[in-house]
Amino acid sequence: MISLCRCGFSPGTTLFSNIPKTCTTRSLLSVFEEDAANLTDYTNQLLQSMQRVFGAQSEMGLATEQLSRQLLAYEKKNFALGKGDEEVVNTLQNFATTVEELNALHLELANQMADTMVFPLIQFREKDLTEISTLKEIYGIATDEHEASMVKFSRLPKKRENEKLKADLVKEVAYTRRKQHQASLQYYCALNALQYRKRVAMLEPMLGYTQAQVVFFKKGLELVSKKIDNFLSSVSNMTQNIQAQLDVEAEVMRVSQKELLSMDDSIYMLDKENEPVNRTLIQKAGLLNIRNKTGLVTTAWDRLYFFTQGGNLMCQPRGAVAGGMVLDLDNSSVMAIECEDRHYCFQITSPSGKASMILQAESKKEYEEWICTVNNISRQIYLTDNPEAVAIRLNQTAIQAVTPVTSFEKRQEGSPDPDRAKPGGVYSTSAASQKSGAGPEPEDLIAPGTPIQFDIVLPASEFQDQNRADGRRTNPFGETDDDCSHPTDDSLLQQVFAVRFLGSMAVRCGDNREVIYEAMRQVLAARAIHNIFRTTESHLMVTSSNIRLIDPQTQVTRINFRLAEVCHFAAHQENSRLMGFVVEGRDWSGAGDDNAAHDQDGEPCFSAFVFESNTEGEKICYTMSLAKDITEAKKDPAALAQLMKNMPLTNDGKFLLLDAENSDSADGEGPEDLESEA
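All values reported here derive from a predicted model rather than from experimental measurement.

Student: In this structure, what is going on with the overall build of the chain? I would like to understand it.
Tutor: The secondary structure content of the chain amounts to 15 helices and 17 strands. Looking at the 678 residues of the chain, the share that counts as buried comes to 40%. Of the contacts made within the chain by residues no fewer than 6 positions apart, 70% connect residues no fewer than 24 positions apart. For the chain, the exposed surface amounts to about 38,700 Å²; the carbon and sulfur share of it is 52%.

In structure tokens, the structure reads:
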């Protein structure tokens, strides 16, 4: 290293007597100053790099601390599919403890970097490099002052010398030289010392950094070797086992995907021919379209996910985590309907009839299974000990009992047991009373396999007979003209109700309203299973002598019952619009006179008829009950007079019971085919 002091001024040397040395000093000074400037620039860059390392290490400590908290938070997340994750939770807790210990080591390493790496370099920059800069400024000021004094001394006049002025300038030059000499000595010494200090300044931070890293790794090695060596080995084995399970599952899924992709495209078809329908389901889930009302006359269809849970119909909107209940299916009714221009629609109605919803399935199979499932749930089969077996048994009974019959002549055909299927054939009141339980069994009320008639069809000859001038007709069921009440008979009671005939079937007894409820259930179930949703509106006329079902357009009597033949009537307990009655002593098979004679001498036979009214069924039952009272009162003139006195009468002397039906129902101009809401 070249020393500026050796090339510069000595205490007894002046610049004027040593010009060559001064030139050498100025040349070396520029070299040293350039070196100091480069050292300052490099030191700033090196300090930035070391501060970045220190910042990264500090951030590492904060990051590991946050990582430890996140590992502990896994247990508190309560994942919906977290069952079986206990081993993972325990492992993550152990990892969190290890990370906390590593975090302590990282914080200690950061502190050591700050003390042994960053601080020495900052001290070198602030102390040594700043001192060089300050001394350079002082040296420059002293040099400028010396140059100024020399300029003044050089301007002294030669002819007119002023001794006093000359003496003052000589003193000023001497003072500035001395000041420059002292500043240069301090500046040169600092530049010479900088050559040694920069070596220490470059090595000391890296020494501290390396020592801190060695201490960190030693402590980390002790931590790994003493505490978590076995733990890491067990975790490694566990991850390998999980990966092996994943590989097996992935292979199974790959094979399944390959099999599915290799199958025929017909499996993706919605309506496939001869696709079996499971009618014994008590649970169902899938996507359905629901009709929502958007305005007074406008509607919109939304595609949502529906599923059954117990006795409830649930709906899960898009994006929702869980579903909510939309309808209670217990004792509800379900019916296939035609809605707008959409197919596979069905309607579910609550027991009260106030709440209903219209849904659309995507295929015929889904459509029928949804109807059967809702029908099974409405019977509360899911509450039994073995709901699947009960559903299978009831479905088999329903399949036997719901064979559609289009005329009375086919009523007895296809019965698996003619003796049991014949109305009243094997029914015994004493035998039924001996059965265990509080109420009669369905088999005691209606014979299994009994056919159901869904409509009343009149022969062409019957229609012609009723349109004759005299208004008399031939009864297709074997009654004579004497048995039938003439339409012009004077009657004390005459009330008309708008009804829709749902079905009729043979029953085993007529003195129990339970048989009417069971007939209603089987008729509605039969309509749901066979997708029979169209009904014909008729007028049910109740008089004091008979009950007639009249076509509102042609005024043709579809069927006529003497009031004495109606042995029981009742309205549905939940759906007030449903009512039915039981008729005694009619042979609907039309087999001939022998059977008619058998009915007169043998055991009575019964048939149940089910209707849906536009008004409450209780009103019809009340009217029929009053008609019964009038019939009994006719036998005693005094009782009849008392009855007429207690009841309000119309102007023509008939009993005034209820408000007249609305004009749409009574004028006979309403639509023939309606959709039943039962």
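Here the narrative resumes, following the displayed structure.
Student: I would appreciate a short explanation of the pattern of salt bridges in the present structure.
Tutor: Opposite charge on two side chains allows them to pair when their charged atoms are near. For the structure on display, the rule yields 19 salt bridges. Among the salt bridges present, the one from R562 reaches E565, with a minimum N-O distance of 3.1 Å. E565 gets classed as buried once you look at its relative accessible area, which sits at 7%.

Student: Looking at this structure, how should I read the environment of S234?
Tutor: Inspection of the secondary structure assignment puts S234 in helix 4 (residues 163–262). In the structure, S234 is positioned 143 residues away from T91 in sequence and 9.7 Å away in space, judged by C-alpha atoms.

Student: Just checking my understanding: could you explain the packing of aromatic side chains for this structure?
Tutor: The geometry of an aromatic ring pair is captured by the separation of the ring centres together with the interplanar angle, meaning the angle of the planes. Scanning the entire structure with this criterion turns up twelve aromatic pairs. Here the aromatic rings of F561 and F609 are separated by 4.9 Å at their centres, their planes lie at 65°, and the arrangement is edge-to-face. Of this pair, F561 sits in strand 13 (residues 557–562) while F609 sits in strand 16 (residues 606–613); the two residues are 48 residues apart in sequence, bridging distant segments of the chain. As far as burial versus exposure is concerned, F561 and F609 are alike and both buried. An aromatic cluster is built from F501, F561, F581, F609 and F611, whose rings are joined through pairwise contacts.

Student: Is there a simple way to explain helix 13 (residues 617–633) in this structure?
Tutor: Residues spaced three or four apart along an α-helix point in a common direction, a consequence of the helix completing one turn every 3.6 residues. Between its first and last C-alpha atoms helix 13 spans 24 Å; for 17 residues at 1.5 Å apiece the expected length is 24 Å, and the two agree. G617, I620, C621, T623, M624, L626, A627, I630 and A633 are the residues of helix 13 that are buried.

Student: So what exactly am I meant to see when it comes to the pairing of strand 12 (residues 546–550) here?
Tutor: Where a strand is regular, its side chains alternate between the two sheet faces. By the criterion of burial, strand 12 is predominantly enclosed, with five of the five residues buried. Judged by which residues are buried, strand 12 turns out to be covered on both faces: N546, R548 and I550 on one side and I547 and L549 on the other are all buried. With four bridges connecting them, strand 11 (residues 534–543) and strand 12 associate as antiparallel partners. Directly across from M541, in strand 12, lies its bridge partner R548. Bridge count between strand 12 and strand 13: five bridges; the pairing is antiparallel. The residue of strand 13 that forms the bridge with I550 is T557.

Student: Any chance you could explain helix 3 (residues 86–154) here in plain terms?
Tutor: Between its first and last C-alpha atoms helix 3 spans 98 Å; for 69 residues at 1.5 Å apiece the expected length is 102 Å, and the two agree. Of all the bends in helix 3, the greatest reaches close to 35° and is centred on V118; the proline P120 follows between one and four positions later.

Student: Help me out: how do you make sense of the nonpolar core in this one?
Tutor: If you look at the biggest cluster of nonpolar residues, it comprises 46 residues, and the most contacted ones within it are F306, L313, F346, I348, M357, L359 and V515. Tallying contributions element by element places helix 11 (residues 513–529) first for this core, with nine residues. Within the second largest apolar cluster, 27 residues are counted, among which are L39, M113, A212 and F216.

Student: Whenever I open this one, the environment of H530 confuses me. Can you help?
Tutor: Within the element layout of this structure, H530 appears in the loop between helix 11 and strand 11. Taking the C-alpha atoms as reference points, H530 and A336, 194 residues apart in sequence, are found 9.1 Å from one another.

Student: Quick question: what am I supposed to make of a nonpolar patch on the surface here?
Tutor: Residues L260, L261, M263, I267 and Y268 make up a contiguous nonpolar surface patch of about 530 Å² in total accessible area. Looking at the element boundaries, Y268 is found in the loop between helix 4 and strand 1 (285–293). Overall, Y268 belongs to the exposed group, its relative accessible area being 54%.

Student: It is not clear to me how the sheet that holds strand 7 (residues 356–360) should be interpreted in this structure. Could you clarify?
Tutor: Backbone-to-backbone hydrogen bonds pair the strands of a sheet. The strands run either parallel or antiparallel. Judged by pairing direction, the sheet is antiparallel, and its seven strands sit side by side in the order 4-3-2-1-7-6-5 without closing on themselves. Both outer strands of the open sheet, strand 4 (324–328) and strand 5 (333–339), are each paired with one neighbouring strand and no more. Ignoring strand direction, the axes of neighbouring strands in this sheet form an average angle of 40°. Pairing analysis gives five bridges linking strand 2 (residues 299–309) to strand 3 (residues 312–316), with the strands arranged antiparallel. If you follow T308 over to strand 3, its bridge partner there is L313. Relative to the sheet, helix 5 (residues 364–378) contacts strand 1, strand 2, strand 3, strand 5 and strand 6 (342–349), its axis offset from that of strand 6 by approximately 10°.

Student: Please clarify how the pairing of strand 1 should be interpreted in this entry.
Tutor: Where strand 1 lies against strand 2, nine bridges are found, and the strand directions are antiparallel. Counterpart to N289 in the pairing with strand 2 is R303. Hairpin connection of strand 1 to strand 2: five residues between the antiparallel strands. Strand direction decides the pairing type here: strand 1 and strand 7, joined by two bridges, are antiparallel. Looking at the pairing, I290 lines up with L359 of strand 7.

Student: Can you help me understand the state of the cysteines in this one?
Tutor: Here a disulfide denotes a covalent bond joining the sulfur atom of one cysteine to the sulfur atom of another. This structure, assessed with the given rule, holds zero disulfides. With no disulfide of its own, C567 lies closest to C509 among cysteine sulfurs, the gap being 8.6 Å. For C567, a relative accessible area of 28% gives the class partly exposed.

Student: Quick question: what am I supposed to make of the confidence of the model for the chain here?
Tutor: Low pLDDT means the predicted atomic positions in that stretch should not be read closely. Summing up the model confidence of the chain, the mean pLDDT is 76 and the portion of residues at 70 or higher is 75%. The weakest mean pLDDT in the chain belongs to helix 7 (residues 418–421) at 33; the strongest belongs to strand 3 at 92. Low pLDDT (under 50) marks residues 400–437, which in the prediction has 72 contacts with non-local residues, meaning those over four places away or in another chain. Across residues 588–600, confidence stays below pLDDT 50; counting only partners more than four residues off in sequence or on other chains, it has 15 contacts.

Student: Just checking my understanding: could you explain unusual backbone geometry for this structure?
Tutor: One non-glycine residue with positive phi stands out, namely N331, at about 60°. As for its position among the elements, N331 is in the loop between strand 4 and strand 5. In this structure, Q380 is a non-glycine residue whose phi angle is positive, near 60°. Here Q380 is to be found in the loop between helix 5 and helix 6 (387–401). On the basis of relative accessibility, which here comes to 29%, the residue Q380 falls in the partly exposed class.

About the thresholds
Residues numbered from 1 in each chain as written. Predicted model: local features only at pLDDT ≥ 70, side-chain atom pairs only at ≥ 80, totals over all residues. Heavy atoms only, no water. Helix = DSSP H or I, 4+ residues; strand = E, 2+ residues; numbered from the N terminus. Buried < 20%, exposed > 50% of the residue type's maximum accessible area, 1.4 Å probe, protein only. Contact = heavy atoms within 4.5 Å. Areas by Shrake-Rupley, 256 points an atom, 1.4 Å probe, with all protein chains shown as cover. Salt bridge = Lys/Arg side-chain N within 4 Å of Asp/Glu carboxyl O. Phe/Tyr/Trp six-rings, centres within 6.5 Å; stacked < 30°, edge-to-face > 60°. Expected span 1.5 Å × (residues − 1). Pairing = 2+ DSSP bridges. Bend = angle between axes of the 7 residues up to and from the residue. Core = buried A, V, L, I, M, F, W, Y, C linked by side-chain atoms within 4.5 Å. Patch = residues over 30% accessible without salt bridge, like charges linked within 9 Å, V, L, I, M, F, W, Y side chains within 5 Å. Axes fitted to C-alpha atoms, helices over the stretch in contact; angles between N-to-C directions. Disulfide = S-S within 2.5 Å. pLDDT = per-residue confidence, 0-100.

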